[in-house]
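Structure assessment
One letter stands for each residue in the lines below.
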Amino acid sequence: MSDRRVAILGGGLYRPGRVRYDNAEEGVAMAYKSMLQDFPNLDPREIEFVQSSYFSDHLNQQLCMAWIVQDYIGQHRKGGYRVEAGGSTALDNIINAYYLIKSGQYDLILVLGWEWMSEVDTATTNEFIASASDTDWDFTVGGFYNGYYAALETRHMQLYGETIEDLGRLAVRNRNNAVHNPYSQWRAEHGTGYVTLDDYYKDRIIAWPYRRWNCALISEGACCLLMGSEKVAKRLSNDPMWIAGVGLGTDSMRPGDRLVDWAYHGVYKADEKLYPANVEKPKTPYPEMANFGFAREAARKAYAQAGISDPLKELDVAELFAPYDGVELCLYEDLMFCPRGEGKTLIRQGLMERGGELPCQLSGGLTSFTHPVGATSLLQTLFLHWQLGGLIKKKLGDATLQVKKPKKAITTGHGGTGCQGGVIIYSKD
Amino acid sequence: MAREPKIPKIIEDKATPIKKEWEEYARKGNWTVKGYEMVRALSGPGLAEECKEEDFMVVYRPHGVLYHHSYGLVSKFFKGLIDKHLFGTKCPKCKTVYCPPRVHCWNPECRVADTEWIELPLRGKVHTFSVMLFSAEAFLEMLPFVLAYVQIDGADTAMPIQVVTAPTNVFIGQKVTIKFREKRTGDLMDIYAVPVKGQKIPADSCLQGHEENVNDLKRDMENTYAFLDKRFGIKKKDVEKRWKV
């Protein structure tokens, strides 16, 4: 592998909201404009390549929107294309730009991401999103990701005994982080007061075991990142964040097929053994419908590249792609923060809270910060860039969420019902 | 050996009336603007207090289409639903039974082996489930419903099927019987499942094992009934009738 190093040099955002009236190209342009303020030494003409990500063509009645956006900000002529992979769209966008720089093809890439999700009513937005499931087999029976994900969480809950309270703790934590993030939709809609588990229990169930608070937001927003090789990093940025490792993984399109998942069969033997005796075992016990095999695959590769052997100890801050709180709990296991079935223990010990061993979702995550799909992982990465650069106070006007001198961070991407996704490890040095 | 006909021949037509109906929609002018609003709203990338107000024109543009889509080589499964049969496929090499069917085995060892069709029994068990109190537009009138992944007896995989029962009764491992709906159109909604009578809810069921789970679910089902009444005029007692199959 090439020994070229690749960094996130910085970025900018367009504050996401449930409905925004500036349109997508204008939102991206404003994010880009605010990014340029951090790069006085950058001539926009230096950018060699532009990569874009947005998830859905249906939401805006527009194919190839990336072409609109790239020319709107005057970055056409040079190469560029869109990356799309459901919920992993934005993470894959970053990983793809990483490969292009790592390979030596380019030194400086502008990475754009956006999603405008409120042009149709909420039920239709959910329907369009659900058309990323298998429309012959899964979509027809209830057509709604909340339902598929809720069913996955029910299975994990039956196997490993986490409770509604555990899911509630994550929902409460995300909100109590988001009130310190002025860009969060939670704070914009609910103000700066803390919430409690009692508030969570009052919230409405929409797909048991999930309440509204456990589910990702619907958002309109944009983000951009500037990525570069070592050759340009030092000149352009005071606080480059280096990519120490990346990994990708996939699983079956239909979650029901994972009961006999030959591609995974016998691969993760230790996890297959951690299976309770009182529940009938499918042919392939890991990941089956309880865990996320793609994340294990991706983490294994990313950790090997980054030289990480004990992720819970070695990582300092995490922004996980968790559209539902149960996903976060399962990811603890699949990302090897703990053995299979112990995700609930990490929650109960408070290890993933502010001030804990590995604080997760300090931004508020997808359920309280925002989730404009094609921008989400860019926003989470930008947030980690602020964390590793010690910039939280400067950017948010409040130092509460700043982790003390973090060195290593992790982010994940997650599409479909865990059909595809990836892991990126970031490093300060 | 019969030669492949050059032009595909329609051998059964249950589509002509719907094609006629949908021609209307094309004529109604998809993509053209049907109305607009002027909206005064915040503009700008930063915090709300840093944004300024601008006037935006918001147009209303419809988009309705009729797709024709081949179910390919698993057409037999969907035609089977219409004829009240449940089919799966079996790999002759590794013996995996697929339902949903695959006409090619996905076990890497079998090198994309052709599978064989088999008829499956109308029985299965709940592998996992969710109780839906909200859904996509097309399913709203069915609320509240149980979305389950059911493993058909003899199959190694699971398939999404609605379990028609009071949502507080469903559990993982529940044995179910597969039923066919009266009106069948050739998709998975042609079937549903009902619990086999006389089963006890296990004490360790993740839903019923905690009393507050059931209480909270019942509380929020009331909200769903209120929504159904307001939007569709569907009453709670009508919903409860569905579960007495």
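Note that the structure is a prediction, hence the values are computed from the model and not measured.

A closer look at the overall build of chain B
- Within chain B, the regular secondary structure consists of four helices and ten strands.
- The order of α-helices and β-strands along chain B, N terminus first, is α-β-β-α-β-β-β-β-β-β-β-β-α-α.
- For 245 residues, the compact-globule estimate of 2.2 N^0.38 gives 18 Å, and the C-alpha radius of gyration of chain B, at 24 Å, exceeds that figure by more than 25%.
- Projected onto its principal axes, the C-alpha coordinates of chain B cover approximately 65 × 60 × 40 Å.
- Counting across all 245 residues of chain B, residues that qualify as buried make up 29%.

As for the overall build of chain A
- Within chain A, the secondary structure is distributed over 17 helices and eleven strands.
- Once the C-alpha set of chain A is aligned to its principal axes, its extents read approximately 65 × 45 × 45 Å.
- Counting across all 429 residues of chain A, residues that qualify as buried make up 63%.
- Intrachain contacts of chain A at a sequence separation of at least 6 include 78% that bridge at least 24 residues.

Brief notes about the nonpolar core
- Grouped together as the largest cluster of nonpolar side chains are 175 residues, with contacts concentrated most on Val-28, Cys-224 and Met-227 of chain A together with Ala-148 of chain B.
- A domain-level breakdown of this core finds at least three residues from each of domain 2 (72-119) and domain 3 (123-242) of chain B.
- Dropping the residues within four chain positions of it, Val-28 of chain A is found in contact with Tyr-14, Val-69, Ile-73, Leu-112, Trp-114, Ala-222 and Cys-224 of chain A.

A few points about the sheet that holds strand β7 (residues 220-229) of chain A
Residues and elements named next belong to chain A.
- In space, the nine strands of this open sheet follow the order β3-β2-β4-β7-β1-β8-β11-β10-β9, with mixed pairing throughout. Both edges of this open sheet fall to β3 (79-82) and β9 (317-319), since each of them pairs with a single strand only. Within this sheet the neighbouring strands show an average axis-to-axis angle of 20°, counted without direction.
- In this structure, strand β1 (residues 6-17) lies alongside β7, joined through nine bridges in antiparallel fashion. By the bridge assignment, Gly-17 is partnered in β7 with Glu-220.
- Of the strands in this sheet, β2 (49-53), β3 and β4 (108-116) are in contact with helix α2 (residues 65-72), which crosses β2 at around 135°.

What about the interface of chain B and chain A?
- Counting from both sides, the interface comprises 56 residues of chain B and, opposite them, 50 residues of chain A.
- Every element with two or more residues in the side of chain B that touches chain A is listed here: β1 (35-43), β6 (123-132), β7 (145-152), β8 (159-163) and α3 (211-232) of chain B.
- Tallying contributions element by element places β6 of chain B first for the side of chain B that touches chain A, with six residues.
- Residue composition of the side of chain B that touches chain A, grouped by class: 32 nonpolar, 17 polar and seven charged.
- Sheet topology note: the strand β5 (residues 205-208) of chain A/β6 of chain B ladder contains two bridges and is antiparallel. From the neighbouring strand, Ala-207 of chain A faces β6 of chain B, where its bridge partner is Met-132 of chain B.

Considerations on the domain arrangement of chain B
- In terms of domain boundaries, chain B breaks down into domain 1 (16-60), domain 2 (72-119) and domain 3 (123-242).
- Here domain 1 of chain B and domain 3 of chain B have C-alpha centroids that lie 36 Å from each other.

Description of the packing of helix α5 (residues 145-160) of chain A against helix α13 (residues 325-334) of chain A
Residues and elements named next belong to chain A.
- Relative orientation of the contacting elements α5 and α13 amounts to 45°, with a least axis distance of 9 Å. As the angle between them shows, α5 and α13 are arranged oblique. Viewed along their axes, α5 and α13 form a crossing whose handedness is left-handed. Between α5, through Tyr-149, Glu-153 and His-156, and α13, the contact on the second element is made entirely by Gly-326, Val-327 and Cys-330.
- Of the residues that constitute the contact of α5 with α13, the class distribution is three nonpolar, two polar and one charged.

Quick look at the environment of Leu-197 of chain A
- Along the chain, Leu-197 of chain A falls in helix α8 (residues 197-202).
- In this structure, Leu-197 of chain A is in contact with Glu-165, Gly-168 and Val-172 of chain A, ignoring residues within four places of it in sequence.

Examining helix α11 (residues 293-306) of chain A
All names here are of chain A.
- The end-to-end C-alpha separation of α11 is 20 Å, in line with the 20 Å expected for 14 residues at 1.5 Å each.
- α11 sits mainly inside the fold: ten of its 14 residues count as buried.
- Buried within α11 we find Gly-293, Phe-294, Ala-295, Arg-296, Glu-297, Ala-298, Ala-299, Ala-302, Tyr-303 and Ala-306.
- Buried residues in α11 make contact with β8 (241-250), α12 (311-314), α13, β10 (408-415) and β11 (420-427).
- At the C-terminal side of α11, Gly-307 shows a positive phi close to 70°.

A word on the sheet that holds strand β3 (residues 87-90) of chain B
Residue and element names in this part refer to chain B.
- Spatially, three strands are ordered β4-β3-β5 in an open sheet, and the strand pairing comes out antiparallel. Two strands lie at the open edges of the sheet, namely β4 (97-98) and β5 (116-119), each paired on one side alone.
- Pairing analysis gives two bridges linking β3 to β4, with the strands arranged antiparallel. Each bridged residue has a counterpart across the sheet, and for Thr-89 the counterpart in β4 is Tyr-98.

Brief notes about the environment of Val-33 of chain B
Residue and element names in this part refer to chain B.
- Among the secondary structure elements, Val-33 is positioned in the loop between α1 (16-27) and β1.
- Here Val-33 falls in the exposed class, since 11 other C-beta atoms lie within 10 Å of it.
- In sequence terms Val-33 and Gln-199 are 166 residues apart; their C-alpha atoms lie 56 Å from each other.

Overview of unusual backbone geometry
All names here are of chain A.
- In the segment running from Trp-208 into Pro-209, the intervening peptide bond is cis, with an omega of 10°.
- Within the secondary structure layout, Pro-209 lies in the loop between β5 and β6 (210-211).
- The amide bond that connects Tyr-286 to the next residue, Pro-287, takes the cis arrangement and shows omega of 0°.
- One non-glycine residue, Glu-288, lies in the positive phi region at around 40°.
- Turning to its location among the elements, Glu-288 is positioned in the loop between α10 (269-273) and α11.
- C-beta crowding within 10 Å serves as the criterion here: with 27 such atoms nearby, Glu-288 is assigned to the buried category.

Digging into the pairing of β2 of chain A
Residue and element names in this part refer to chain A.
- The buried count for β2 comes to five of five residues, which makes it a mostly enclosed element.
- Burial along β2 is two-sided: Phe-49, Gln-51 and Ser-53 and Val-50 and Ser-52, pointing in opposite directions, are all buried.
- Of the strand pairs in this sheet, β2 and β3 are connected by four bridges, and their pairing is parallel. The residue bridging Gln-51 from the neighbouring strand is Tyr-81, located in β3.
- In this fold, the crossover linking β2 to β3 by way of α2 has right-handed handedness.
- Judged from the five bridges that link them, β2 and β4 form a sheet pairing that is parallel. The partner of Gln-51 across the bridge, within β4, is Val-111.

Reading guide: rules and limits
Residues numbered from 1 in each chain as written. Chains lettered and ligands numbered in written order. Predicted model: local features only at pLDDT ≥ 70, side-chain atom pairs only at ≥ 80, totals over all residues. Helix = DSSP H or I, 4+ residues; strand = E, 2+ residues; numbered from the N terminus. Rg over C-alpha atoms; globule rule 2.2 N^0.38 Å. Buried ≥ 20, exposed ≤ 12 C-beta atoms within 10 Å, placed from the backbone. Contact = placed C-beta atoms within 7 Å. Core = buried A, V, L, I, M, F, W, Y, C linked by C-beta atoms within 7 Å. Domains from an automatic or database assignment. Pairing = 2+ DSSP bridges. Axes fitted to C-alpha atoms, helices over the stretch in contact; angles between N-to-C directions. Nonpolar A, V, L, I, M, F, W, Y, C, P; charged D, E, K, R; others polar. Parallel < 35°, antiparallel > 145°, perpendicular 65-115°, else oblique. Left-handed = near helix turned anticlockwise from the far one by under 90°. Expected span 1.5 Å × (residues − 1). Right-handed = clockwise from strand over helix to strand, strands pointing away.

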